[in-house]
Each structure stands twice: as C-alpha cells, then as structure tokens.
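# Remarks on the overall topology
Here is how the chains run, residue by residue.
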Amino acid sequence: MTSGSSRTVIVAVAANFAIAVAKIVAALLTGSASMWAEALHSIADTGNEVLLFVGLRKSAGGPDPSRPFGYGQERYFWSFLAALGIFLIGGALSIGEGIRGLLLPEPVESLWVGIGVLVVAAAFEGYSWQTARKQLAKESKEQSRSMVQHLARASDPSATTVFLEDSAALVGLAVAFVALILHAVTGWAAWDAIGSMTIGVLLVVVAFLLARRSKGLLLEEAAPDDVVEPIRRQVTDAEWVGEPTTVHAVYVGPSRLLVNILLAPARSSREEPAETLIAKVDRLRSELEADPSIAQVTVTLTV
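Residues numbered from 1 in each chain as written. Predicted model: local features only at pLDDT ≥ 70, side-chain atom pairs only at ≥ 80, totals over all residues. Heavy atoms only, no water.

Looking at an unreviewed UniProt entry, one finds the chain named Cation diffusion facilitator family transporter and attributed to Paractinoplanes globisporus. Database annotation for the chain, UniProt heading Subcellular location (unreviewed entry): "Membrane". (UniProt positions renumbered as here; feature names shortened; annotations may be inferred.)

### A word on the UniProt feature "domain: Cation efflux protein transmembrane" (unreviewed entry) in the chain
This chain's UniProt record puts "domain: Cation efflux protein transmembrane" (unreviewed entry) on residues 9-218. Within the segment residues 9-218, helix and strand shares are 84% and 0% respectively, and the terminal C-alpha atoms sit 21 Å apart. (Helix = DSSP H or I, 4+ residues; strand = E, 2+ residues; numbered from the N terminus.)

### Considerations on helix α9 (residues 274-289)
Under the 1.5 Å per step criterion, the end-to-end length of α9 is 22 Å for 16 residues, consistent within 8% with the ideal 22 Å. Of all the positions in α9, only Leu277, Lys280, Val281, Leu284 and Leu288 are classed as buried. Buried residues of α9, viewed axially, fall in a sector of 100°; they line one side. Summarising the contacts, the buried residues of α9 are in contact with α8 (225-236), β2 (256-265) and β3 (294-301). (Expected span 1.5 Å × (residues − 1). Buried < 20%, exposed > 50% of the residue type's maximum accessible area, 1.4 Å probe, protein only. Arc of directions from axis to C-beta. Contact = heavy atoms within 4.5 Å.)

### Section: the packing of aromatic side chains
Counted by the stated rule, this structure contains three aromatic pairs. Aromatic pair phenylalanine 77 and tryptophan 78: ring centres 5.5 Å apart, planes at 80°, arrangement edge-to-face. The class for phenylalanine 77 is partly exposed, based on a relative accessible area of 38%. Between the aromatic rings of tryptophan 188 and tryptophan 191, the centroid separation amounts to 5.5 Å while the plane-to-plane angle is 85°, which identifies the pairing as edge-to-face. Note on tryptophan 188: relative accessible area 47%, which makes it partly exposed. Judged by its relative accessible area of 30%, tryptophan 191 is partly exposed. (Phe/Tyr/Trp six-rings, centres within 6.5 Å; stacked < 30°, edge-to-face > 60°.)

### Comments concerning the sheet that holds strand β1 (residues 241-253)
In spatial order, the strands read β1-β2-β3; together these three strands make up an open sheet with mixed pairing. At either end of the open sheet lies a strand with only one pairing partner, and these are β1 and β3. Taking the axes of each pair of neighbouring strands and ignoring which way they run, one obtains an average angle of 15° across the sheet. Strand contacts of α8: β1, β2 and β3, with the helix running at about 145° to β1, the strand carrying the most contacts. (Pairing = 2+ DSSP bridges. Axes fitted to C-alpha atoms, helices over the stretch in contact; angles between N-to-C directions.)

### Some details on the packing of helix α3 (residues 74-103) against helix α6 (residues 157-186)
Two numbers describe how α3 lies on α6: the axes approach to 10 Å, and their chain directions differ by 15°. Taken together, α3 and α6 sit at an angle that is classed as roughly parallel. Relative to α6, α3 is oriented so that their crossing is left-handed. Note on element contacts: α6 touches α3 through Pro157, Ser158 and Glu165, opposite Arg75, Tyr76, Ser79 and Ile86. Of the residues belonging to the contact of α3 with α6, the class tally is three nonpolar, two polar and two charged. (Parallel < 35°, antiparallel > 145°, perpendicular 65-115°, else oblique. Left-handed = near helix turned anticlockwise from the far one by under 90°. Nonpolar A, V, L, I, M, F, W, Y, C, P; charged D, E, K, R; others polar.)

Printed below as a string of structure tokens:
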C-alpha cells in the first residue's frame, strides 16, 4: 500500500464520518431536504472511502501462483464499487429526497444550526480535499503532467476518487448553504428541494467519471503515451533494433506495467547466430524490467 494513498484515504474516512454524524443531527433538527442530501452524500463518501481502504489493503499483496502480476487490480475493483456507491447512495437518494421535498414541502427549522454544521463540514472537507490535492500535485509533477491530465491518466484511482468526491462535497455544501438561505428568506420550500436535486445530479456526474476511469483500468486499456514513449525510446535506442517497433503497455496495478514489444532486428543483426540475438533480447528485457514500474516484458522478434 502506498503511504501517500493510505494517508489520503484515512484522512478522508475520518473527516467524512465526523461530517456525516453532524449533518444527520442538523438534518433532523432543520428538516431541510438539502441537509438530508448532504447527510446522504457524507454517508456515501464515508462508505466509499472504506471501500478504497479495503482496496489499498488487498492490492498490497505481491505476485503468487494464482496472481502472477500481484494484486494491484484489486484497487481498481474497489474503486469501481466506490463509484457505484456515490451514484446509488449519494446521487440517486439525494435526487429522490429533492423530489420528496417538492411533493411534501416542510418548513426549515433551526436555520443557524444547519448553517453552522455546513461551515464546520466545509472546514473538514477542505482539509481532506487539500490532502488529496497535495498527493495528486506531487504525482503530476513527477509525471510532468498538469493536474487535469493526471486526473484523467493516473493509474492509482484512490487519490483521484477522494479528490473528486471532496470537490463535489465542497460544491454541494455551497449549494446546500444557498438553498437553506433562500428557503428561509423567501419561505419557498422548492429552493431546498432544488438544492437537494442539484447535489444529486453533481454526484451522479462524479460517479460516472470515476466509474469510467476504473472500468478502463480494469479492462486493461493502453497506458497513456507519456508512459509508453520513454519505453519505446529505450527500445529503439538499442543499436541492434531496427524498424518497425511496436510497444504496447497496460496497467496490472497502480504504476505496474505489463509491456509487450514487437520488433525487427536491424539489417546488420539479422545475419547473427540465433544465440546472439536471444542474448540481446534477454539483455533488453532485463534492462527494461530493472524499472520498478514494469512488472514483465515480452519481446517478439519479426523479420
């Protein structure tokens, strides 16, 4: 388990559990649909981050006879479950609560309790968000990517999930705050219900983005070009390698690649004994596998 991802998830679990308890109390006191939506959001986030932590623990296992490339893809599976949790518990139920608020409007009570809880929740969410942002910023700098590029290409979904969840949470808190104020000022309960449905739609969008990324990693989509290109350059820089050279790479876990290379020996090397070519292929494979991010390299020679 990577220490950065572990710390990010643990901070998120602790923050969201505390926030969920506070929001449930506030929702009971105020009767606000938006507050109930926020409570459901935090309950979903807490459960989802527990799923992420389970994924971190299970993915820590090394290779064995049943999993020759290790257990890294466990993290993708549990992240996919977390995305489903955001959709079902956070998104769908928040939209349902909003519809209920439209059909059966209720007055907001204890307004200042609700506002106070939202402010405290924003502080906790902000700390969790900043923890995830720091990890992603560090990773994106190491990969020479922008934050947006790294969010789309990262092979470890843990910090990405926490970051997007917390970003949605901060926006949701702002929506709930505005909905509470408008409901109290105008007396029109629909503001509160609209706030709840807005939060739900926001969570559905976040769930879709996270599920799509986890699905791609689970189905072993090709690694991005900025990961594959350095490997391709290392291969083509070998003096005995000719053209064409094809390099494919897929993730079998966070920062763990399975690489398949199809290459043709240079014209000057084609007349060499088979044993010499085999030795060169073995040396190339060993050099590539010296990189800790590469789990295994397969080299196929063509003529």
